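Chain residues, written in single-letter form:
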Amino acid sequence: MNNKPIALLIHGGHIIDPSQGLDETDSLLISEGKISWLGKGKPPPSCPEYDILHAEGLIICPGFIDLHCHLRQPGFEEKETIATGTQAAAKGGFTTVCCMPNTLPPLDSKETIDYVKSIAAAEGVVRVLPIGCISKGRKGEELAKLDELASAGAIAFSDDGSPATNSRLMRQALEYSHDLNLPIIDHCEDTALSQGGVMNEGTTSTKLGLPGIPNAAEDIIVARDLALTRLTRGRLHIAHVSSEGSVGLIRRAKEKGIMVTAEVTPLHLTLTEESVIVHATNAKVNPPLRTRKDIQALIQGLKEGVIDIIVTDHAPHTEADKMLKFALAPPGISSLETALGSLMSLVHAGQITLTTLVAKLTREPAKIIGNKYGKPGTLAIGAPADITIFDPDMDWEVDTRAFTSKGKNTPLAGSVLKGKVMATIAQGKLVYRDDSIRIEAKVA
Ligand code: DOR
């Protein structure tokens, strides 16, 4: 695979770029790592020599941006590394990934942020933007040095995996978020209420005899965080929304002008609690997969803009981790490589449009990150050449043995998805290509 910057004409694809309102068949030239021309037919003779990638029948869009994934390095390299995680991201069409700080040590200091950045620069194949901790050691007791983390390059703060349980600490964090203009990403869970729960509380948990986590465990903290955001005029981002109640609370908060954004995962949009019956620990995730009613509310929220973005919450674990008893197995699903295929099922079923889907993976997360780190999320001339090319109609079977991620933990193993990433270009480099993609070399 050529992963040097290239001059490449992506010819004749269907370009969807919500940042510019583009939805048409066109060609796109990239050179010197940037988008350099966009139009019909061939670029003008003044352009450099280029190779051609034939994209007829394929969708061309800005590279996907994942505001929430777990790359596990440092500390849990048996589950994933920055190298394998970013390769999996490339295969899933992601050209920017924001990694959560629940590593060992957690990303709560300048040194740890610098470490992730240096490994990402040396071994990562897509852009990696680290998220710093809210609290020192993710212990929820004392605020981390958020200004120091921001100067080191943290693009947001989160204790993901755990909520910021202490309301005073959350208030302080939101005050900093206002001053630093960076979001606090909260994993909303009332842990006193969810304690001991291992899946959604409902008919399936009763049938299986497993302790449940009610929707209220999420709704309570969402409501608290919204109240604190109103108080502080901070920037709040709600992680992995899973409940109908949260969608309603966020909708009302947005109507009142509270600075809140929210995300949802492909799995919470497509799978119900019943997945646990068949897939056991591979369907264990926190927050848990919920019900059809919740899914309908999440999709409605996505369409209305109540939920701003889609994230993978890629959470790789080892096979040994997931072989444990249900109560002991860690929650999380390996999702970078299946995200598009899962999400396309919503498009094929007419539940969201392709343009909405692309916007939620590109333009909208780019707005949350801002322009400080390149200009992701657009195919505008002069922007870094971050491009995803996918076949919206290709059927493929999820074979976890073929995953690039070390995490094979997914309830989608063996299922057939319709919609597949065919090539990914990150900052002008071809970082992933399906075997069927043809590139014609050097045309003047
Ligand atoms: O299911 C989850 N897994 N939810 C989280 O919040 C954390 C994540 C992980 O780190 O494995």
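Located above this text is the structure these notes cover.
Residues numbered from 1 in each chain as written. Predicted model: local features only at pLDDT ≥ 70, side-chain atom pairs only at ≥ 80, totals over all residues. Heavy atoms only, no water.

**Q** Pulling in residues and values, what's your account of the sheet that holds strand β6 (residues 64-69)?
**A** Sheet architecture is open: three strands sit in the order β6-β7-β8, paired in parallel fashion. In this open sheet, the two strands that pair with only one neighbour each are β6 and β8 (127-130). With direction set aside, neighbouring strand axes in the sheet form an average angle of 20°. Looking at chain direction, strand β7 (residues 94-99) and β8 are connected through four bridges and run parallel. Looking at the pairing, Thr-96 lines up with Arg-127 of β8. Strands in contact with helix α1 (residues 82-91) are β7 and β8; relative to β7, the strand with the most contacts, it is inclined by about 135°. (Pairing = 2+ DSSP bridges. Helix = DSSP H or I, 4+ residues; strand = E, 2+ residues; numbered from the N terminus. Axes fitted to C-alpha atoms, helices over the stretch in contact; angles between N-to-C directions. Contact = heavy atoms within 4.5 Å.)

**Q** With reference to specific residues and values, describe the site of the ligand.
**A** Around the ligand, the structure places 13 residues, and the nearest of them are Arg-72, Asn-102, Asn-286, His-317 and Pro-331. Between the ligand and Gly-332 there is a distance of 3.3 Å, counted from an oxygen atom to a backbone nitrogen or oxygen. Burial of the ligand by the protein amounts to 94% of the accessible area it has alone, namely 290 Å². Classifying every residue of the shell around the ligand by side-chain character gives three nonpolar, eight polar and two charged. (Near = heavy atom within 4 Å. Polar contact = N/O pair within 3.5 Å; in protein donor to acceptor, adjacent residues only side chain to side chain. Areas by Shrake-Rupley, 256 points an atom, 1.4 Å probe, with all protein chains shown as cover. Nonpolar A, V, L, I, M, F, W, Y, C, P; charged D, E, K, R; others polar.)

**Q** Kindly report on the side chain of His-268, identifying the contributing residues and their values.
**A** Within the secondary structure, His-268 sits in helix α9 (residues 266-270). The exposure class of His-268 is buried, given its relative accessible area of 4%. For His-268, the side chain forms a polar contact with the side chain of Thr-265, separated by 2.8 Å. A polar side-chain atom of His-268 sits 2.7 Å from the main-chain carbonyl oxygen of Pro-287. Apart from the residues within four sequence positions on either side, His-268 is in contact with Val-241, Ser-242, Val-285, Pro-287, Pro-288, Leu-289, Ile-295 and Leu-298. (Buried < 20%, exposed > 50% of the residue type's maximum accessible area, 1.4 Å probe, protein only.)

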